[in-house]
Amino acid sequence: MGVVRRWLFRLLSLLAWLLIWLLLSRRIGQQIILPSPGSVLARLAALVATPSFWSSILFSFGRIVSGFLLGLTAGGLLAAAGARFLAVREFFSPAMTLIKASPVASFTILLLTWVPSRNLSVVIAFLMVLPIVYTNLLTGISQTPALLLEMADLFEIGWAGRLRCIYLSELLPYLRSACALSLGLCWKAGIAAEVIGIPAGSIGERLYDSKIYFDIPELFAWTAVIVLISLVFGRLFLALLDAAVHAVERM
């Protein structure tokens, strides 16, 4: 019953915001400033019927997800190495701090001198994910109960057994938190990089064009698509992550 009530409240909240949007749009009365939900939905329906809509989604989705997975893998490996060796942890500490503190726009403009615009979103998404995963997993490893590790030493459990029986369970909350945060950031940063670099065939190019031609309903429509893709992919990835961890633990 609690789940039904929660979803009911979410639906009512969404409808309330849509009503506020509609009323504001009618009050302003200019589609170029704030288009109505109906005009945005109509433009979205028109976009869905075009092949370029799906090719743009595939272009950006493939690159941003690739950057996310690369950042997740590299962050996990570096966290394991940093937890094991102090020199590794100290070596990467300034770099992680610099990446977290630097504006996305600065990185994007700088990388445009080294990276082709078609691959810019891969690198930017990677840089957004890397420090978050690294920091969270490093913290999780350091918080692993010493008694569990001592017991593993007592029973002479190897690294594979420790990973499966101890670290997966202990690090899952930290990994989920890192993924939940970095998934949203990598999409926002990746699309922002595409708007700056304007690679042909990307969602960023379509956003830039709609801004140049003052096609505000299309701008809203693409924004809704980005939010939807980010939310759906995030939910699916976290569900698959939980399922994979539990499957390994039961082996």
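Here, every reference points to the structure presented above.
Residues numbered from 1 in each chain as written. Predicted model: local features only at pLDDT ≥ 70, side-chain atom pairs only at ≥ 80, totals over all residues. Heavy atoms only, no water.

Peer 1: Which residues make up the environment of Ala 45, and what are the values?
Peer 2: Structurally, Ala 45 can be placed in helix α2 (residues 37-48). With relative accessibility at 49%, the residue Ala 45 sits in the partly exposed group. Residues Ala 45 and Ala 221, spaced 176 residues apart in sequence, show a C-alpha to C-alpha distance of 9.1 Å. (Helix = DSSP H or I, 4+ residues; strand = E, 2+ residues; numbered from the N terminus. Buried < 20%, exposed > 50% of the residue type's maximum accessible area, 1.4 Å probe, protein only.)

Peer 1: Give me the lowdown on the nonpolar core, citing residues and values where you can.
Peer 2: Judged by nonpolar contacts, the single largest core of 50 residues is most densely connected at Phe 68, Ile 124, Cys 179, Trp 187 and Trp 222. Of all elements in the fold, only α2, α3 (51-84), α4 (86-101), α5 (104-111), α6 (120-142), α8 (159-197), α9 (203-212) and α10 (216-250) reach the threshold of two or more residues within this core. Of the residues forming this core, the biggest block, twelve residues, is contributed by α6. Residue contacts for Cys 179: discarding those within four places in its chain leaves Phe 68, Leu 72, Phe 237, Leu 238 and Leu 241. (Core = buried A, V, L, I, M, F, W, Y, C linked by side-chain atoms within 4.5 Å. Contact = heavy atoms within 4.5 Å.)

Peer 1: Could you give me a rundown of the packing of aromatic side chains, with the residues and numbers involved?
Peer 2: Considering all chains together, one arrives at nine aromatic pairs under this definition. A connected cluster of aromatic rings, assembled from ring pairs, spans Phe 61, Phe 68, Trp 187, Phe 233 and Phe 237. A cation sits over an aromatic face here: Arg 10 above Trp 7, 4.9 Å from the ring centre. When the ring centre of Phe 59 is taken as origin, the NZ or CZ atom of Arg 63, which lies over that ring, is 3.8 Å away. (Phe/Tyr/Trp six-rings, centres within 6.5 Å; stacked < 30°, edge-to-face > 60°. Lys NZ or Arg CZ within 6 Å of the ring centre and 35° of its normal.)

Peer 1: Go over the packing of α3 against α9 with me, naming the residues and quoting the values.
Peer 2: Running from N to C, α3 and α9 point in directions that differ by 125 degrees, and their axes come no closer than 8 Å. With respect to α9, the axis of α3 lies oblique. Each of Ser 52, Phe 53, Ser 56, Ile 57 and Ser 60 in α3 lies in contact with α9, whose residues at this interface are Ile 203, Gly 204 and Arg 206. Here the residues of the contact of α3 with α9 are counted per class, giving three nonpolar, four polar and one charged. (Axes fitted to C-alpha atoms, helices over the stretch in contact; angles between N-to-C directions. Parallel < 35°, antiparallel > 145°, perpendicular 65-115°, else oblique. Nonpolar A, V, L, I, M, F, W, Y, C, P; charged D, E, K, R; others polar.)

Peer 1: Describe in detail α2, supporting the description with residues and values.
Peer 2: The end-to-end C-alpha separation of α2 is 16 Å, in line with the 16 Å expected for twelve residues at 1.5 Å each. Residues Pro 37, Ser 39, Val 40 and Leu 47 constitute the buried set of α2. Down the axis, α2 shows its buried residues gathered within 165 degrees of arc, on one side only. (Expected span 1.5 Å × (residues − 1). Arc of directions from axis to C-beta.)

Peer 1: Which residues make up the layout of surface pockets, and what values go with them?
Peer 2: Counted as a void, the largest pocket has a volume near 750 Å³. Leu 14, Leu 18, Val 227, Leu 228 and Leu 231 are, among the 18 residues lining the largest pocket, the residues nearest its centre. Looking at the lining of the largest pocket, the elements with two or more residues in it are α1 (2-28), α2 and α10. Of the residues belonging to the lining of the largest pocket, the class tally is 15 nonpolar, one polar and two charged. (1 Å grid on protein atoms, 1.4 Å probe; cavity = no way out; pocket = protein on both sides within 12 Å on 5 of 7 lines; lining within 4 Å. Points joined across faces, edges and corners; volume = space filled by probe spheres on them.)

Peer 1: Let's hear about the pattern of salt bridges: which residues, and what values?
Peer 2: Considering all chains together, one arrives at four salt bridges under this definition. For Asp 215, the salt bridge identified is with Arg 43, shortest N-O distance 2.5 Å. Here the residue Asp 215 occupies a position in the loop between α9 and α10, and Arg 43 occupies one in helix α2, the gap between them amounting to 172 residues. Glu 218 is the partner of Arg 206 in a salt bridge, and the nearest nitrogen-oxygen pair spans 3.9 Å. Placement of the pair is Arg 206 in helix α9 and Glu 218 in helix α10, with a sequence separation of twelve residues. Each of the two residues, Arg 206 as well as Glu 218, counts as buried. Shared partners join several salt bridges into a network, and the residues in it are Arg 43, Arg 206, Asp 215 and Glu 218. (Salt bridge = Lys/Arg side-chain N within 4 Å of Asp/Glu carboxyl O.)

Peer 1: Go over α4 with me, naming the residues and quoting the values.
Peer 2: Counted at 1.5 Å a residue, the expected span for α4 with its 16 residues is 22 Å, and the 23 Å between its end C-alpha atoms agrees. Maximum bend of α4: about 35 degrees, positioned at Ser 93, with proline Pro 94 one to four residues after it. (Bend = angle between axes of the 7 residues up to and from the residue.)

Peer 1: Can you explain the state of the cysteines? Please cite residues and give values.
Peer 2: Taken as a whole and assessed by the stated rule, the structure comprises zero disulfides. Among the cysteines around Cys 179, which has no disulfide bond, Cys 186 carries the closest sulfur, lying 9.8 Å off. (Disulfide = S-S within 2.5 Å.)

Peer 1: Which residues make up the side chain of Ser 230, and what are the values?
Peer 2: As for its placement among the helices and strands, Ser 230 is situated in helix α10. Apart from the residues within four sequence positions on either side, Ser 230 is in contact with Leu 183, Gly 184 and Trp 187.

Peer 1: With reference to specific residues and values, describe a nonpolar patch on the surface.
Peer 2: A cluster of nonpolar side chains, namely Leu 8, Phe 9, Leu 11, Leu 12, Leu 14, Leu 15 and Leu 18, defines an oily patch on the protein surface of about 640 Å² accessible area. Under the relative-accessibility criterion, Leu 14 is labelled partly exposed at 49%. (Patch = residues over 30% accessible without salt bridge, like charges linked within 9 Å, V, L, I, M, F, W, Y side chains within 5 Å. Areas by Shrake-Rupley, 256 points an atom, 1.4 Å probe, with all protein chains shown as cover.)

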